[in-house]
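Coordinates in review
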Amino acid sequence: MNKRWDLSQVSFLVVEDNMHMRSILRSVLSGFGVRQIYEATDGADGLETVLDRTPDFVLVDWAMTPVSGSDFIKILRSERDPLISTIPAIVVSAHSRKATILEAVKLGVHGFIAKPVSPAVLYNHISDILHKQAIHGRCKGVYGTSQPEPKRKVEVTDLSTSKASASAGNEDALSMALL
């Protein structure tokens, strides 16, 4: 998919316990044109920020204390508000064993990226999620069910000139999560 998206109106929350990694992710997102970036140092702070700010995307580390990335995702997906429970979440973690990735997918992540982060891989994940949301609406992860349209819809402009074909299916979603 060769789409370029205008991310200037899309907000991101980076939930990461390592200050240096938060700084790197902030720089990468800023390079994509993102203007609103929130930060949290663990899952508990992240959940508080989600409720206060309702970001459009979450990038979350897997191994944090006291509230881990897996706990963060579980709580996020169990939220009653469909706007919050369907926030796209991408795990960015050095803990990238197959068992961890499969657990993350079962919990409802939209993607999994192994550290060190490649800006191109991160952008492709974000682009893929935006493309699928434009076609199918929001959902709770790679295998999540579609939700009713949330009260606030992210308006993102496709800056590419080519039209990409819509590809659906669990195999495409799983391969996206495993990259």
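Note: the structure precedes this text.
Below or above, wherever it landed, is the structure these notes cover. (Residues numbered from 1 in each chain as written. Predicted model: local features only at pLDDT ≥ 70, side-chain atom pairs only at ≥ 80, totals over all residues. Heavy atoms only, no water.)

Some details on the pairing of strand β6 (residues 111-114)
The cut-off we apply is this: Paired strands, in this sense, are two strands between which DSSP finds at least two bridges. Only DSSP runs of H or I with at least four residues qualify as helices, and only runs of E with at least two residues qualify as strands; both kinds are numbered from the N terminus onward. Look down the strands so they point away from you; if going from the first strand over the helix to the second traces a clockwise path, that crossover is right-handed.
Here strand β5 (residues 89-93) pairs with β6 via four bridges, running parallel. Within the sheet, the bridge partner assigned to I90 lies in β6 and is G111. In this view, the connection linking β5 to its parallel neighbour β6 by way of helix α5 (residues 98-107) has right-handed handedness.

What about the packing of helix α1 (residues 19-31) against helix α6 (residues 119-136)?
Selection criterion: Axis definition: a line fit to C-alpha positions, over the contact stretch in the case of helices; interaxial angles, taken between N-to-C directions, run 0 to 180 degrees. Rotating anticlockwise by less than a right angle from the far helix to the near helix defines a left-handed crossing, while the corresponding clockwise rotation defines a right-handed one. The contact criterion used throughout is that any non-hydrogen atoms of two residues lie within 4.5 Å. Charged residues are taken to be Asp, Glu, Lys and Arg, nonpolar residues to be Ala, Val, Leu, Ile, Met, Phe, Trp, Tyr, Cys and Pro, and polar residues to be all remaining types, Gly included.
The interhelical angle for the contact between α1 and α6, taken along N-to-C directions, is 65°, at an axis separation of 11 Å. Crossing handedness for the pair α1 and α6: right-handed. Counting all contacts with α1, which are made through L25, V28 and L29, the residues of α6 involved are P119, L122 and I126. The residue inventory of the contact of α1 with α6, partitioned by class, reads six nonpolar, no polar and no charged.

Regarding unusual backbone geometry
Defined as follows: Burial classes: relative accessible area under 20% of the type maximum marks a residue as buried, over 50% as exposed, and values in between as partly exposed (1.4 Å probe, protein chains only).
Cis rather than trans, the peptide bond between T65 and P66 has omega equal to 0°. You will see that T54, though not glycine, has its phi angle at about 45°, which is positive. Structurally, the position occupied by T54 is in the loop between α2 (43-53) and β4 (57-60). Judged by its relative accessible area of 15%, T54 is buried.

A look at the pattern of salt bridges
As a reminder of what qualifies: Throughout this description, the term salt bridge denotes a Lys or Arg side-chain nitrogen within 4 Å of a carboxyl oxygen of Asp or Glu.
The full count for this structure, using the stated rule, is six salt bridges. Between K74 and D71 there is a salt bridge, and its shortest N-O distance comes to 4.0 Å. On the criterion of helical spacing, the pair formed by K74 and D71 is a turn pair, its members being three residues apart in helix α3 (residues 69-78). The class for K74 is partly exposed, based on a relative accessible area of 42%.

Examining the side chain of D56
Applied cut-off: Counted as a polar contact is a pair of N or O atoms within 3.5 Å, where, for protein atoms, one must be capable of donating a hydrogen and the other of accepting one, and residues adjacent in sequence contribute only when both atoms are in side chains.
Structurally, the position occupied by D56 is in the loop between α2 and β4. Judged by relative accessible area, D56 falls into the buried class, the value being 6%. From its side chain, D56 meets the backbone nitrogen of S11 in a polar contact 2.8 Å long.

A word on the nonpolar core
Selection rule: Here, nonpolar core refers to any group of buried Ala, Val, Leu, Ile, Met, Phe, Trp, Tyr and Cys residues whose side-chain atoms link them within 4.5 Å.
Counting residues in each nonpolar core, the largest one holds 24 residues, and the members touching the most others are V15, V50, V58, V60 and F72. Among the secondary structure elements, those contributing two or more residues to this core are β2 (11-15), β3 (36-40), α2, β4, α3, β5 and α5. Examining the composition of this core, we find that four residues originate from one element, α5, more than from any other. Those residues in contact with F72, other than ones at most four positions away along the chain, are V15, G43, G46, L47, V50, V58, V60 and V67. Within the second largest apolar cluster, 23 residues are counted, among which are V10, V14, M21 and V117.

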